[in-house]
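Okay, here's what each chain looks like letter by letter:
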Amino acid sequence: MTFAGMLAFFGLAVVTMDVLGGVIAIGVMLRGGTVRHLLAFTGGYTVVIIAATLILRPLLALLHRWLRPVLDSNNAIGTVELVVGLALVGFSVHQFRAASRPALPHGRLEQRSTPKRLATAPLVLAGVGFSATALADPGFTIAVGMASQEQHLLRHVALLVLWNLVYQLPLVAVLTAAAFGRHEQLVTRAMELVGPRRRALQAVLAALLALVGIAVLGDGAISLLSEHVPWLRQLLLLR
């Protein structure tokens, strides 16, 4: 994989980063969970992701043969970009509206904690269910397809492992902090940093989504009206 391909590959993990895993992990710790419970949750997720990756790679190869006429068509890819651009702009509007609403009052961290005994097996099943968030993410499928272009097995596996670590960085951060007994400090610090700046951060996110959406819309429109090769097709062709 070229340097440009690597940037696109890991950039995709950053852009589509799944924060829900970190939120769930924090909730588990606040309810009396331990590192063992987090490992059970993460283990259930990991098993499904590994199985899905093994199945998805040959499936993508088969689909590539079937969809090659579509992938080779600038007009088809340009139309996809129009749809994606509209979705991003719509989501940015939602974020702007959310940023305009006043924050709800929250109690102290310890007041909202409800420690109780947790069982390990349900957390494994919860991790299995949580894996659906990754399987439904188009970024995951694209990442598997891009990594499969690497013919060396060890490099292929390393790329996928690193991609998933970045993609689930919030979950990894909470798990690492819990392993060193620092999860309470991490949660408190995150609330101190994000809480007062929630509206500003949401406004910045909305602005970025709007800019990206407009750029993707423009690229799709230009590709439909000219011989321009859409960005999405260029991404799919990266090696």
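This section reports on the structure supplied with the text. (Residues numbered from 1 in each chain as written. Predicted model: local features only at pLDDT ≥ 70, side-chain atom pairs only at ≥ 80, totals over all residues. Heavy atoms only, no water.)

This part covers the overall build of the chain. Within the chain, the secondary structure is distributed over twelve helices and zero strands. Each helix (α) and strand (β) of the chain, taken in turn from the N terminus, gives the series α-α-α-α-α-α-α-α-α-α-α-α. Expressed as a percentage of its 239 residues, the buried residues of the chain come to 31%. A separation threshold of at least 6 residues defines the contact pool for the chain, and within that pool the share at least 24 residues apart is 85%. Taken as a whole, the chain presents about 14,200 Å² of accessible surface, with 73% of it coming from carbon and sulfur. (Helix = DSSP H or I, 4+ residues; strand = E, 2+ residues; numbered from the N terminus. Buried < 20%, exposed > 50% of the residue type's maximum accessible area, 1.4 Å probe, protein only. Contact = heavy atoms within 4.5 Å. Areas by Shrake-Rupley, 256 points an atom, 1.4 Å probe, with all protein chains shown as cover.)

Here the second largest pocket defines a volume of roughly 530 Å³. Ile-49, Ile-50, Leu-160, Val-161 and Asn-164 are, among the 19 residues lining the second largest pocket, the residues nearest its centre. Sorting the residues of the lining of the second largest pocket by element identifies helix H3 (35-71), helix H8 (153-167) and helix H9 (169-179) as the ones contributing at least two each. Looking at the lining of the second largest pocket, the element that brings in the most residues is H3, giving eight residues. Its residues assigned to classes, the lining of the second largest pocket comprises twelve nonpolar, six polar and one charged. (1 Å grid on protein atoms, 1.4 Å probe; cavity = no way out; pocket = protein on both sides within 12 Å on 5 of 7 lines; lining within 4 Å. Points joined across faces, edges and corners; volume = space filled by probe spheres on them. Nonpolar A, V, L, I, M, F, W, Y, C, P; charged D, E, K, R; others polar.)

Bringing helix H2 (residues 20-30) into the picture now. When H2 is considered as a whole, its buried residues turn out to be Gly-21, Gly-22, Ala-25, Gly-27, Val-28 and Met-29. Just past H2, the residue Gly-32 takes up positive phi, approximately 90 degrees.

Moving on to the nonpolar core. In this structure, Phe-9, Leu-38, Tyr-45, Phe-140, Trp-163 and Tyr-167 are the most contacted members of the largest nonpolar core, which totals 28 residues. Within the residue set of this core, elements represented by two or more residues are helix H1 (3-15), H2, H3, helix H6 (120-135), helix H7 (138-147), H8 and H9. A total of six residues in this core trace back to one element, the largest contributor, which is H3. Every residue in contact with Trp-163, bar those within four places of it in the chain, is listed here: Phe-9, Phe-10, Leu-12, Ala-13, Thr-16, Gly-139, Phe-140 and Ala-143. (Core = buried A, V, L, I, M, F, W, Y, C linked by side-chain atoms within 4.5 Å.)

Along its 16 residues, H6 runs 23 Å from first to last C-alpha, staying within 8% of the 22 Å computed at 1.5 Å per residue. Along H6, the residues classified as buried are Leu-123, Gly-127, Phe-130, Ser-131 and Ala-134. Each buried residue of H6 sits inside an arc of 120 degrees when the element is viewed along its axis, so together they form one side. Opposite its buried face, H6 presents the exposed residues Ala-121 and Leu-125, each directed more than 90 degrees away. (Expected span 1.5 Å × (residues − 1). Arc of directions from axis to C-beta.)

Glancing now at the side chain of His-156. Inspection of the secondary structure assignment puts His-156 in helix H8. Residue contacts for His-156: discarding those within four places in its chain leaves Arg-57, Ala-147, Ser-148 and Glu-150.

Under the counting rule described, the total for this entry stands at six aromatic pairs. Consider the rings of Trp-163 and Tyr-167, whose centres lie 4.9 Å apart with planes at 15 degrees: the pair is stacked. On the criterion of helical spacing, the pair formed by Trp-163 and Tyr-167 is a turn pair, its members being four residues apart in helix H8. Its relative accessible area of 1% is what places Trp-163 among the buried residues. Following the ring pairs from residue to residue traces out a cluster consisting of Phe-9, Phe-10, Phe-140, Trp-163 and Tyr-167. (Phe/Tyr/Trp six-rings, centres within 6.5 Å; stacked < 30°, edge-to-face > 60°.)

With that settled, consider the side chain of Thr-42. Tracing the backbone shows Thr-42 in helix H3. With a relative accessible area of 16%, Thr-42 lands in the buried category. Among the polar contacts made by the side chain of Thr-42, one reaches the main-chain carbonyl oxygen of Leu-38 at a distance of 2.8 Å. Excluding its chain neighbours within four sequence positions, the residues that come into contact with Thr-42 are Leu-171 and Leu-175. (Polar contact = N/O pair within 3.5 Å; in protein donor to acceptor, adjacent residues only side chain to side chain.)

Don't take any of this as a statement about function, it's just geometry.
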